[in-house]
Amino acid sequence: MMDTTKSPLTLAAVDLGATSGRVILGGVDGGVLKMKHIARFPNAPLHLTEAAPTDRDSAAESAPAEGLYWNITALYAALEDGLREAVRSAAELRSIGIDSWAVDYGMLRAGRLIGLPHHYRDRRTARGVALVHERIDPAELFARNGLQHLDFNTVFQLAAESESGLLDAADRILLVPDLIAYWLTGTARTEATNASTTGLLGLDRRTWDRQLLELAGTDRSQLAELVEPGQTIGELTASATQRLGADRPVKVTAVGSHDTASAVVAVPFASKDSAFISSGTWSLVGLELDEPVVTDAAREANFTNEGGVDGTVRFLKNVSGLWLLSESMRHWHHNATDAQRSADLQTLLVEAEAVTGQVPIFDPSDERFTPPGDMPGRIADWCREHGLRPPTAQAEVVRSILESLAEAYRQTIDAAEALTGVSVETIHIVGGGSQNALLCRLTAQRTGRTVIAGPVEATAIGNLLIQARAVGEVSPDASLSDLRTIVRNSFPVVEYSPHSAGTGESPAPTNAALI
């Protein structure tokens, strides 16, 4: 009998981002998705010494080289704590779904992790690009996998790993959410939407491509069987069940384990003439299509074709995002807590709104802005190199970042229109950036299109809705359109007009969705 003193929510979303992770309970009742935040925990990279200078002269001239890694075991311990609390809070936990950032992976041998996974911003990726491009022309590579060129794509990371000899030690390679699912269930599978970001799938986005695997120096035997969102990966092992305090094994359901795939499920599209921006550390800007676009023009514009839920294609471009702001705040307030930086940012956003003079527009996708570090200094350097006056006051830097992102969004959406023939009338911004009213307003003004902001928790919402359909809380035959109707019924949005100088108008929510 269900304990009525506990939450009736039966699904747990584990949502792992590049800076933090969350565990959220959810469930669908009466066509409305309700959610309850259970746990939030940090996710910070580790800087580890990799190679020291070999003689005294070089030691005097240079510091030891460092690698950038994910502290995956600490992350796993934190999410298990969150799941333990979810089990305590829920009357009956029926399913767990896991999503994370893309491209990064763990290597195992005989079921044991070999070292810490590298961070996608690690410096070794440049060598991987050179190795792969020695073996295949970039145009031919795009024709085979349809992916935007990003130095950190898994195919390049694995090539660097192979040259170092580390890959030879591994008999299994699992992307981050699949590694977490393996530790919970003992079952090794790779979810298809995340696999589509690796550069190792063919254009059908549902099968490993042997030629691409050879380019990366890996073997099909090292990769797990693919599963689709909604399929069961496995049940909690007996030990995991005991650690989490569950009274019976809980199944782990594959969701759109690439966080953007889950986020796009939760975009409340009302028509086909809409673009999406999944705005967080990165900005993923694009369209949902039925088929990939692999023309030379798409490659030259550096667009990507990633697998979406229910066989869709996410035709998009990775543009830098709120990483520029967060790194700037870290530089200005390096001794502050995250909460203090957040409060300071809110003050700066108000001041940035009041900036009346011209600020420089820079290219936020310039590679210099990828590594951690002094973003304001790098922005100033970019401006000087391009004959522009750098922003000086902190509020000017913030305004310059947001204006530059909005302009990059305009250029990307205009390009997507030209490449696909889709006429975009509306832009949906979901994720953390949907809370940034100035960014949303500038995007509406620069693109000349209506911007609809929200929901903020798009990734967790999409994760939960795929689980809800899998366990029967939503009809197993529910389409993406049906799931998006639930989103519209459950979460308020804010609309920004391209002709309005205001901060947007928010209709009253149809239902209270967050409890």
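Residues numbered from 1 in each chain as written. Predicted model: local features only at pLDDT ≥ 70, side-chain atom pairs only at ≥ 80, totals over all residues. Heavy atoms only, no water.

Undergrad: Quick question: what am I supposed to make of the overall build of the chain here?
TA: For the chain, the helix and strand inventory stands at 18 helices and 20 strands. Its C-alpha radius of gyration of 22 Å places the chain within 12% of the 24 Å reference for a compact globule of 515 residues. Expressed as lengths along the three principal axes of its C-alpha atoms, the size of the chain is roughly 70 × 65 × 50 Å. Within the chain, the fraction of its 515 residues that count as buried is 56%. Excluding contacts between residues fewer than 6 apart, the proportion of contacts in the chain whose partners are at least 24 apart in sequence is 71%. If you sum the accessible surface of the chain, you get close to 20700 Å²; carbon and sulfur atoms cover 49% of it. (Helix = DSSP H or I, 4+ residues; strand = E, 2+ residues; numbered from the N terminus. Rg over C-alpha atoms; globule rule 2.2 N^0.38 Å. Buried < 20%, exposed > 50% of the residue type's maximum accessible area, 1.4 Å probe, protein only. Contact = heavy atoms within 4.5 Å. Areas by Shrake-Rupley, 256 points an atom, 1.4 Å probe, with all protein chains shown as cover.)

Undergrad: Is there a simple way to think about the pairing of strand S18 (residues 426–430) in this case?
TA: Note on strand geometry: in a regular strand, side chains alternate between the two faces of the sheet. Among the 5 residues that make up S18, 5 are buried, leaving the element largely enclosed by the rest of the structure. Burial of S18 is two-sided: the residues Thr 426, His 428 and Val 430 facing one way and the residues Ile 427 and Ile 429 facing the other way are all buried. Pairing between S18 and strand S19 (residues 450–453): 4 bridges, direction parallel. Bridged to Thr 426 within S19 is Thr 450. In terms of handedness, the path from S18 via helix H16 (residues 437–447) over to S19 forms a crossover that is right-handed. (Pairing = 2+ DSSP bridges. Right-handed = clockwise from strand over helix to strand, strands pointing away.)

Undergrad: Help me understand the packing of aromatic side chains, please; the structure alone is not making it clear to me.
TA: The geometry of two aromatic rings is summed up by the distance between their centres and the angle between their planes. For the coordinates displayed, the defined rule picks out 9 aromatic pairs. Measuring from ring centre to ring centre gives 5.6 Å for Phe 152 and Trp 282, while their planes differ by 65 degrees; the resulting arrangement is edge-to-face. Of this pair, Phe 152 sits in the loop between helix H4 (138–145) and helix H5 (154–164) while Trp 282 is found in strand S15 (residues 282–289), placing the two residues 130 residues apart along the sequence. An identical accessibility class is assigned to Phe 152 and Trp 282; each is buried. (Phe/Tyr/Trp six-rings, centres within 6.5 Å; stacked < 30°, edge-to-face > 60°.)

Undergrad: Quick question: what am I supposed to make of the sheet that holds S15 here?
TA: Consider a sheet: its strands pair through backbone hydrogen bonds, and that pairing is either parallel or antiparallel. Strand order in the open sheet made by the 7 strands is S16-S17-S15-S14-S18-S19-S20, with mixed pairing throughout. Two strands in the sheet have a free side with no partner beyond their single neighbour: strand S16 (304–307) and strand S20 (494–496). Averaged over all neighbouring strand pairs, the angle between strand axes comes to 30 degrees, with direction disregarded. Sheet topology note: the S15/strand S17 (residues 313–320) ladder contains 8 bridges and is antiparallel. Pairing of Gly 286 across the sheet is with Leu 316, part of S17. (Axes fitted to C-alpha atoms, helices over the stretch in contact; angles between N-to-C directions.)

Undergrad: Can you help me understand H5 in this one?
TA: What sets the pattern is the α-helix's 3.6 residues per turn: residues three or four places apart point alike. In terms of burial, H5 is largely enclosed, as 8 of its 11 residues are buried. Every buried residue of H5 is listed here: Thr 154, Val 155, Phe 156, Gln 157, Leu 158, Ala 159, Ala 160 and Glu 161. At its buried positions, H5 is contacted by strand S7 (105–109), helix H3 (125–135), H4, strand S9 (172–175) and helix H8 (210–216). Where H5 terminates, the next one or two residues include Gly 165, which has phi positive at roughly 90 degrees.

Undergrad: Help me understand unusual backbone geometry, please; the structure alone is not making it clear to me.
TA: Trans peptide bonds make up the majority, and among non-glycine residues the majority have a negative phi. With omega at 5 degrees, the peptide bond leading from Gly 454 into Pro 455 counts as cis. Its location among the elements puts Pro 455 in the loop between S19 and helix H17 (458–471). Of note, the phi angle at Val 103 is positive, near 70 degrees, even though the residue is not glycine. With a phi angle near 60 degrees, Asn 302 is a residue other than glycine that sits in the positive phi range. Along the chain, the position of Asn 302 falls in the loop between helix H11 (296–300) and S16. For Asn 302, a relative accessible area of 23% translates into the label partly exposed.

Undergrad: Where do I start with the pattern of salt bridges in this structure?
TA: Note on pairing: side chains with opposite charge can pair once their charged atoms come close. One pass over the full model with this rule turns up 30 salt bridges. In this structure, the salt-bridge partner of Glu 163 is Arg 127, at a minimum N-O distance of 2.7 Å. With Glu 163 in helix H5 and Arg 127 in helix H3, this pair connects stretches of sequence that are 36 residues apart. With a closest N to O distance of 2.6 Å, Glu 407 and Arg 410 form a salt bridge. One end of the pair is Glu 407 and the other is Arg 410, both in helix H15 (residues 394–420) and 3 residues apart, which spans about a single turn. The class for Arg 410 is partly exposed, based on a relative accessible area of 24%. Connected via shared salt-bridge partners are Arg 399, Glu 403, Glu 407, Arg 410, Asp 414, Glu 417, Arg 446 and Arg 449. (Salt bridge = Lys/Arg side-chain N within 4 Å of Asp/Glu carboxyl O.)

Undergrad: What exactly am I supposed to notice about the side chain of Thr 10 here?
TA: By the element assignment, Thr 10 lies in the segment before strand S1 (11–16). The buried category is assigned to Thr 10, whose relative accessible area is 5%. Here Glu 473 takes part through its side chain, which lies 2.3 Å from a polar atom of the side chain of Thr 10. (Polar contact = N/O pair within 3.5 Å; in protein donor to acceptor, adjacent residues only side chain to side chain.)

Undergrad: For this particular structure, what's the right way to read H17?
TA: End to end, H17 covers 20 Å across 14 residues, agreeing with the expected 20 Å (1.5 Å per residue, within 8%). Where burial is concerned, most of H17 is hidden: 13 out of the 14 residues are buried. Gly 472, located one to two residues past H17, shows a positive phi value of around 95 degrees. (Expected span 1.5 Å × (residues − 1).)

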